[in-house]
Amino acid sequence: MLLFTTILLFGFASAQKVIQLSYCSVGENHLRMDCKYALPQESPEPFCKYTQGERLLDTTNPDEEQHAPFKNRAKARLFPGNICRLLFKNLPNGKSNFTCNIKQAESATATKTSVVEKMLLLPCSAWSVLLQSCSGLMLTFMTLPVLLETHWQ
């Protein structure tokens, strides 16, 4: 029993996880979604895929086949810093669910889902990414002069 518990705890401690899912618009009708994930040290590169329900938008796993309607609309790629990026063309009006899935061989899949509303998308820029990903940090920098009582002359 002790051996089983140790193996189980080791499996959970060494598993990957999705930390953050952020998104913005590229152009008028296109979506960029970044899935930031954490891996145990010395881990091989994981596979990443984006889904909408059971439909596979795209994946970095060559053994999985992309859902036909998305072959020219969606592209998933891995970037340095443990980021999987989805570029999705012709985002429909209204709300859409997107799920990022990160999987390493022989381990559970880590997922995170986000609802994207086209009308509320900010354009991709350093500013919009900063607003989405570090609002606390942004607030600190914006209020720092007030907190330090800086007097501009």
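Keep in mind that what you see is a predicted model, and the values were worked out from it rather than measured.

Cut-off values and rules
- Residues numbered from 1 in each chain as written.
- Predicted model: local features only at pLDDT ≥ 70, side-chain atom pairs only at ≥ 80, totals over all residues.
- Heavy atoms only, no water.
- Disulfide = S-S within 2.5 Å.
- Helix = DSSP H or I, 4+ residues; strand = E, 2+ residues; numbered from the N terminus.
- Pairing = 2+ DSSP bridges.
- Axes fitted to C-alpha atoms, helices over the stretch in contact; angles between N-to-C directions.
- Salt bridge = Lys/Arg side-chain N within 4 Å of Asp/Glu carboxyl O.
- pLDDT = per-residue confidence, 0-100.
- Contact = heavy atoms within 4.5 Å.
- Polar contact = N/O pair within 3.5 Å; in protein donor to acceptor, adjacent residues only side chain to side chain.
- Core = buried A, V, L, I, M, F, W, Y, C linked by side-chain atoms within 4.5 Å.
- Buried < 20%, exposed > 50% of the residue type's maximum accessible area, 1.4 Å probe, protein only.

The tally for this structure, following the rule as stated, stands at three disulfides. Across a sulfur-sulfur distance of 1.8 Å, Cys24 and Cys124 are joined as a disulfide pair. Looking along the S-S bond of the Cys24-Cys124 disulfide, the torsion reads about 90 degrees, which is the right-handed sense. With Cys24 in strand 1 (residues 17–26) and Cys124 in the loop between strand 8 (110–117) and helix 2 (126–133), this pair connects stretches of sequence that are 100 residues apart. Disulfides within the chain link the bonded cysteines, taken in sequence order, as 1-6, 2-5, 3-4.

Strands sit in the order 1-2-6-5 across an open sheet of four strands; the sheet is antiparallel. Lying at the two open borders of the sheet, with one neighbouring strand each, are strand 1 and strand 5 (74–79). Taking the axes of each pair of neighbouring strands and ignoring which way they run, one obtains an average angle of 15 degrees across the sheet.

In this section: the pattern of salt bridges. Within the structure shown, the criterion is met by three salt bridges. The shortest N-O distance in the salt bridge between Arg85 and Asp34 comes to 2.6 Å. Taken together, the positions of Arg85 in strand 6 (residues 83–88) and Asp34 in strand 2 (residues 30–38) put the pair 51 residues apart, joining distant regions of the chain. What you see here is one network of salt bridges that share partners, running through Arg32, Asp34 and Arg85.

Mean pLDDT over the chain works out to 81, with 73% of the residues at or above the 70 mark. Between residues 1–13, whose pLDDT stays under 50, and residues either more than four places distant or in other chains, the model counts zero contacts.

Read across the sheet, four strands follow the order 4-3-7-8 without closing on themselves; strand pairing throughout is antiparallel. Because the sheet does not close on itself, it has two edges, and the strands there are strand 4 (55–59) and strand 8. The mean angle between the axes of side-by-side strands here comes to 25 degrees, regardless of whether they run parallel or antiparallel. Of the strand pairs in this sheet, strand 3 (residues 47–52) and strand 4 are connected by four bridges, and their pairing is antiparallel. Across the sheet, Tyr50 pairs through a bridge with Asp58, a residue of strand 4.

Below, the discussion takes up the side chain of Thr51. With respect to the element layout, Thr51 can be found in strand 3. There is a polar contact of 3.4 Å between the side chain of Thr51 and the side chain of Asn101.

What follows deals with the nonpolar core. Core analysis: the biggest nonpolar cluster contains 22 residues, and Tyr50, Phe88 and Phe98 have the highest contact counts within it. Mapped by element, the contributors of at least two residues to this core are strand 1, strand 2, strand 3, strand 5, strand 6, strand 7 (95–103) and strand 8. In terms of residue count, strand 2 provides more of this core than any other element does, four residues in total. In contact with Phe88, other than residues within four places in its own chain, are Asn29, His30, Leu31, Leu57, Phe70, Arg73, Ala74 and Phe98.

As paired elements, strand 3 and strand 7 share five bridges and run antiparallel to each other. Residue pairing in the sheet places Thr51 in a bridge with Thr99 of strand 7. When strand 7 meets strand 8, the two strands line up antiparallel, connected through eight bridges. Paired with Ile102 across the two strands is Ala110, which belongs to strand 8.

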